[in-house]
Amino acid sequence: MKILVLIEQRDGKIKNSAYEALSLAHKLTGNPSDVAGAVIGSGVNTSELAGWGAESILYAENSSFERYNIGNYSNALEAAIKSFEPDLILAAASPMGKDILPRLAARCDAGIITDVVDINVSGNNTSATKPMYAGKCLAEVHLQGEGLKFVSIRPNVFGSDKPDAGSATVSRIEVPDSTLDMKTTEVRKGTSEKADLTEAVRIVAGGRSVGSADNFKILDECANVMNATVGASRAAVDSGYAPHSMQVGQTGKTVNPNLYLACGISGSIQHMAGMRTSKVIVAINTDPEAPIFSVADYGIVADLFEAVPLLTKKLQSML
Ligand code: FAD
């Protein structure tokens, strides 16, 4: 089984989710020569990939790849597929992975399983487990028979243990120009220096009851102490307290941190769709009947304006 991993990068820096996918590819194959990474970008520090389980790195480097563009990027991944001839493509189920993989699977007439939380490979068969119906059940999906297969993995599920194998020898690949009449002219970045929600190890999230954008500072302070990223419910986003990039849930981001601290969030089905697989969930809510407590490992029935500053103070003295 040969696996090609799509290595995601931002501004030349390789994303944690790429290391996670490489680590998983190594676990599945046990052999660095069966693993290659596809890097698409410009000025990417590929030397960081040495020891992450891939013998070769196929690098599509071009200034036109500086800004993500589905036309260019899917052509580059297709060129890497043609060069390495893998059996399986692995990528993170990130916004980029969700954009590129289905498009290429359709182009290659191949099967795809998205957003998986477990995967097994045996001979020509790939089976994977993925959450469905807003995380209410887990489906086991099988792709059988020969031929190329695509799988995207949910970030922060598989872990990124460095196998200390694979020289990550870089070879350049040529990519035909995109025929899509579409260009990325501008990328508007968020101002936060913190990890993106989808890769965050700790998240402090606020809901409608936070009451204003200014009040989100209470959550920022708590997040700063434990190096967490701040998230929000859709009600908070729709009320203008937080930008959409901070929204967690069905129409926001799917997150999977070690710790999810939900402050004044009721726990609607749509919100829980994005965070219920978090490893430890702590909820602060004034209503003891709030649905969020049904998925919480620790529940604090309290006013967030009292509980969060107290928690921040306590954490400051401990950390
Ligand atoms: P509310 O439901 O109003 O809950 C506020 C909570 O705060 C209550 O439980 C209350 O007891 C508690 N509270 C009040 N005061 C305090 C206080 N001082 N201290 C502590 N607790 C307090 N929602 C998402 O979040 N993400 C999505 O991606 C998303 N997608 C959607 C897609 C669709 C198609 C639809 C129809 C809806 C979607 N929603 C989504 C909206 C969702 O249905 C809920 O409306 C939303 O999640 C509610 O947000 P909330 O919990 O902040 O607000």
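As a starting point, this report considers the structure included with it. (Residues numbered from 1 in each chain as written. Predicted model: local features only at pLDDT ≥ 70, side-chain atom pairs only at ≥ 80, totals over all residues. Heavy atoms only, no water.)

## Focus on helix α2 (residues 70-84)
With 15 residues, α2 extends 21 Å between its outermost C-alpha atoms, agreeing within 8% with the 21 Å of an ideal straight helix rising 1.5 Å per residue. In terms of burial, α2 is largely enclosed, as 13 of its 15 residues are buried. Capping the start of α2 is the job of one residue whose side-chain oxygen sits 2.8 Å from the backbone nitrogen of G71: N69. One or two steps after α2, the chain reaches E85, where phi turns positive at roughly 50 degrees. (Helix = DSSP H or I, 4+ residues; strand = E, 2+ residues; numbered from the N terminus. Expected span 1.5 Å × (residues − 1). Buried < 20%, exposed > 50% of the residue type's maximum accessible area, 1.4 Å probe, protein only. Polar contact = N/O pair within 3.5 Å; in protein donor to acceptor, adjacent residues only side chain to side chain.)

## Things to note about the site of the ligand
Taken together, 25 residues surround the ligand, and among them R208, S233, T251, S266 and N285 come closest. The contact in question runs from an oxygen atom of the ligand to an N or O atom on the backbone of G264, over 3.2 Å. At a separation of 2.8 Å, an oxygen atom of the ligand approaches a polar side-chain atom of Q270. Relative to its unbound accessible area of 990 Å², the ligand is 73% covered by the protein chains. Listing elements by their share of the shell around the ligand, those giving two or more residues are α5 (234-238), α6 (269-275) and α7 (304-318). (Near = heavy atom within 4 Å. Areas by Shrake-Rupley, 256 points an atom, 1.4 Å probe, with all protein chains shown as cover.)

## Examining the packing of aromatic side chains
Per the stated rule, a full pass over the model turns up 3 aromatic pairs. Aromatic pair Y19 and W52: ring centres 4.6 Å apart, planes at 40 degrees, arrangement tilted. Of this pair, Y19 sits in helix α1 (residues 16-29) while W52 sits in the loop between β4 (35-41) and β5 (56-61); the two residues are 33 residues apart in sequence, bridging distant segments of the chain. Assigned by exposure class, Y19 and W52 land together as buried. Plain terms: the ring middles of Y68 and Y73 are 4.8 Å apart, the flat faces sit at 70 degrees to each other, and that makes the pair edge-to-face. An aromatic cluster is defined as three or more aromatic residues linked by ring pairs; in this entry it consists of F65, Y68 and Y73. One residue, K2, lies across the ring of F84, its end atom 4.5 Å from the ring centre. (Phe/Tyr/Trp six-rings, centres within 6.5 Å; stacked < 30°, edge-to-face > 60°. Lys NZ or Arg CZ within 6 Å of the ring centre and 35° of its normal.)

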